[in-house]
Every structure is written in C-alpha cells, then in structure tokens.
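Chain by chain, the residues run as shown.
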Amino acid sequence: MNKKKLLSIIALVALAITVIGIGTVYAAGAIAKNNSIGEEAAINFAYMDAGVDSKEAKNTKVEFDFEHGQYIYEVEFVADNVKYEYEIKASNGAIIGKDMERIASKSTVNEETSKVTEETTVEVPEETEKPKENQKEEKAGKDTKTNETKKIDDDDFDDDNDLDDDDDNDIDDAEDDDDNDLDDDDDDDDEREATSNKSKDEKKTSKKNNKKNSEKESVSTKYISVEKAKSIALSDAGVKASKAVFKKAKFEKDDGIYIYEIEFMSGNTEYEYDVDAITGKILESSYEEEEGIAEEDEDDDDDEDDD
C-alpha cells in the first residue's frame, strides 16, 4: 500500500510540474504577443520590403512562432507569380529572413511544352519515286521495241520467204544496235539518278552544318555571364563586391529554365540567389543572419585577453 501511494504522489507531482510548465510557456507567449508589433504591422512590413501593393497580394498567411531564441511572425503571400516568405521579429518588426520562389503559370507551362515539341520534331525526307518510274518507262520501251522487231520479222517472213542470209544478218545487226542503245540509255539514267541523289545529300549536309553553326552562335550570345549574375545578386543585396565572399556560382538547368545559383557571405549574413541566365531576372532569393559567428568572435577575443 505504501508503494502505491508513493507512486501516486510522484505521478501527481510530475503532472503538476508539466501543467505549470505548459502554463508558463503559454503565458510567456501570450505576453510576448501582446507586447509585439501585431499581425497587421508584420504583414505591412513584408509588403513594403517586397515592393508589393496590398491589393496585388494573394493567399496571405501570418503565424506567431518562437524560433532561434526569439518570437517572430512568419508571413507568406503570393504576388505576380512569386511566392514570398518572411520571418519578422515580433518585438520591433526587423526582417531576419526572407525567401522568394517563382511559380510557373499555366501559360508558361504551355509555352515550354510547345517549345519542346518544336525542338523534337524531325523532318522526314520525301521518298522519290523517280527511279521506279524510270524503270517502268525503260521496261515499257524495251517491250515496245521487241514487239516492233518481232512484227517486222513476221511481215518480212510473210512477204518473202526467200530472204537470203545477208538480209538476216542485217536484221540481227539492227537488233544488236537497238540493244546497245537501250544499254546506253540505262547507263545515262543511272548517272543522272546518282548525280541527283548526290546533290540532295550535299544540300542536306549543308543545311545541318548551317543549323549547328547557328545554334552554337545563339548559345554563346544567349546567356549572361557568371560575373553579370554575381553583380545582379550583389546589387539586390546592397553588398559591395569587396565585402562579399562567394561560396557558389553555378550554371544549371532547373525546372526547364537555365539559371545561375549564387551563394555568398557578407559579415555574418548568408545570401542565396537564383538568377535567370537569359534575362538576368532574380527568380529566388533568401538571406539569413548567423548569430553564432559574432558570438564566437567575441569568445576568441576574450581568450586572447586572458592570455
């Protein structure tokens, strides 16, 4: 019995401590929220930083939260196909973090699909029927000439059965000449066909070479340089090049769009940018202050003083 009572008392004490702790946290959060700038002010701070009119913003959300040892407002909204996310300090309205992400519209998706379809279209060369027609004509010519020769032989045989050997030899020579003429015609047709096919192959090769050269020229002049992308990111962040330490400057394809992924540090703040490699437009950007860096520097100074 004594053990059961002791366990019951311990359980009640633990429950009471838990309830008190939860109540304390809730009370502290409620006090901090009452003393904060308020949800409307946090939203307005985010609109002002993004340069967005309140009438243009859609799907606006705001939430009071505790992160990184401080109370903040998390604000989200969409404007001009761009999704914005802000972290705003609840006590004074300072922006401690933001993120931008471009949302592809239906028209953009349709355009990309049509471009891919056009690029993958393959031209099928038309098959020429000329050789077959030539063969038919040549065959018909041979049959006609053979029939004519046979007809001549029959007529000569009916008219005069006493043709001498010289006449027979003359007919045979005429037939040989006709056959030689047909062979010469066949050779001429083959030469013309070979010349025509060679000319077509040369034209196709020339078109392919011209297309490759034009594609190379367009690629070399199509995209902005990485230095230009860095300059755009620094200008947007308001950071001088001499005070920036770049961690990444990478050219890549993301969701069908060629971009430069830029990351750099300035002081204790880390910046991240996605810049359109063709237009130079900023598609996504974010920055975050790393408070631990400043504290470590102070600790290092204290240690040097102690030494």
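Scroll up to find the structure.
Parameters and conventions
Residues numbered from 1 in each chain as written. Predicted model: local features only at pLDDT ≥ 70, side-chain atom pairs only at ≥ 80, totals over all residues. Heavy atoms only, no water. Pairing = 2+ DSSP bridges. Helix = DSSP H or I, 4+ residues; strand = E, 2+ residues; numbered from the N terminus. Axes fitted to C-alpha atoms, helices over the stretch in contact; angles between N-to-C directions. Contact = heavy atoms within 4.5 Å. Phe/Tyr/Trp six-rings, centres within 6.5 Å; stacked < 30°, edge-to-face > 60°. Buried < 20%, exposed > 50% of the residue type's maximum accessible area, 1.4 Å probe, protein only. Lys NZ or Arg CZ within 6 Å of the ring centre and 35° of its normal. Patch = residues over 30% accessible without salt bridge, like charges linked within 9 Å, V, L, I, M, F, W, Y side chains within 5 Å. Areas by Shrake-Rupley, 256 points an atom, 1.4 Å probe, with all protein chains shown as cover. Salt bridge = Lys/Arg side-chain N within 4 Å of Asp/Glu carboxyl O. Lys, Arg positive; Asp, Glu negative; His and termini not counted. Charge placed at Lys NZ, Arg CZ, Asp CG, Glu CD. Expected span 1.5 Å × (residues − 1). Core = buried A, V, L, I, M, F, W, Y, C linked by side-chain atoms within 4.5 Å.

**Student:** Just give me the short version of the sheet that holds strand 7 (residues 269-276), but keep the residues and values in it.
**Tutor:** Sheet strands pair via backbone hydrogen bonds, and the direction of the pair is either parallel or antiparallel. Taking strand neighbours across the sheet as the criterion, the eight strands line up as 1-2-3-4-8-7-6-5 in an open arrangement whose pairing is antiparallel. Both outer strands of the open sheet, strand 1 (58-67) and strand 5 (245-254), are each paired with one neighbouring strand and no more. Recorded for the sheet is a direction-independent mean angle of 15° between the axes of neighbouring strands. For strand 6 (residues 257-266) and strand 7, the ladder comprises eight bridges, and the chain directions are antiparallel. Bridge assignment links Ser 266 to a residue of strand 7, and that residue is Thr 269. The strands that helix 2 (residues 39-50) touches are strand 1, strand 2 (70-79), strand 3 (82-89) and strand 4 (95-102); relative to strand 2, the one it contacts most, it runs at about 55°. Along the sheet, helix 6 (residues 226-237) makes contact with strand 5, strand 6, strand 7 and strand 8 (282-289), crossing strand 6 at roughly 55°.

**Student:** Any chance you could break down the pairing of strand 4 for me, citing the residues and the numbers?
**Tutor:** Sheet topology note: the strand 3/strand 4 ladder contains seven bridges and is antiparallel. From the neighbouring strand, Glu 87 faces strand 4, where its bridge partner is Gly 97. In this antiparallel pair of consecutive strands, strand 3 and strand 4, the connection spans five residues, and Gly 93 shows a positive phi of 85°. Taken together, the three bridges between strand 4 and strand 8 define a ladder with antiparallel strand orientation. Bridge pairing links Gly 97 to Glu 288 in strand 8.

**Student:** Describe the packing of aromatic side chains, with residues and values.
**Tutor:** Per the stated rule, a full pass over the model turns up 14 aromatic pairs. Ring centres of Phe 264 and Tyr 273 lie 6.3 Å apart, and the angle between their planes is 5°; on these two criteria the pair is classed as stacked. Judged by relative accessible area, Tyr 273 falls into the buried class, the value being 4%. Ring-pair connections join several aromatic residues into one group, and the members of that group are Phe 246, Phe 264, Tyr 271, Tyr 273 and Tyr 287. Lys 230 extends its terminal NZ or CZ atom over the ring of Phe 246, reaching a point 4.8 Å from the ring centre.

**Student:** I'd love a proper account of a positive patch on the surface, names of residues and values included.
**Tutor:** Together, Lys 200, Lys 203, Lys 204, Lys 207 and Lys 208 give the surface a local cluster of positive charge. By secondary structure assignment, the location of Lys 204 is in helix 5 (residues 165-222).

**Student:** Just give me the short version of helix 6, but keep the residues and values in it.
**Tutor:** The terminal C-alpha atoms of helix 6, which comprises 12 residues, lie 17 Å apart, in line with the 16 Å expected from a rise of 1.5 Å per residue. Residues of helix 6 that are buried include every one of Ala 229, Lys 230, Ile 232, Ala 233 and Leu 234, and no others. Lining the buried residues of helix 6 we find strand 5, strand 6, strand 7 and strand 8.

**Student:** Before we move on, could you go through the nonpolar core and cite the residues and values that matter?
**Tutor:** One finds Val 52, Val 75, Phe 77, Tyr 84 and Tyr 86 to be the most contacted residues of the largest nonpolar core, which totals 19 residues. Mapped by element, the contributors of at least two residues to this core are helix 2, strand 2 and strand 3. For this core, the leading source of residues is helix 2, giving five residues. Counting 16 residues, the second-largest nonpolar core is a separate cluster that includes Ala 229, Tyr 260, Ile 262 and Ile 282.

**Student:** Can you explain the pairing of strand 8? Please cite residues and give values.
**Tutor:** Across seven bridges, the pairing between strand 7 and strand 8 is antiparallel. When the sheet's bridge partners are listed, Asp 274 is paired in strand 8 with Glu 284. Linking two consecutive strands that pair antiparallel, namely strand 7 and strand 8, is a turn of five residues; a positive phi of about 80° is found at Gly 280 within it.

The values reported here are purely geometric and, on their own, carry no functional implication.
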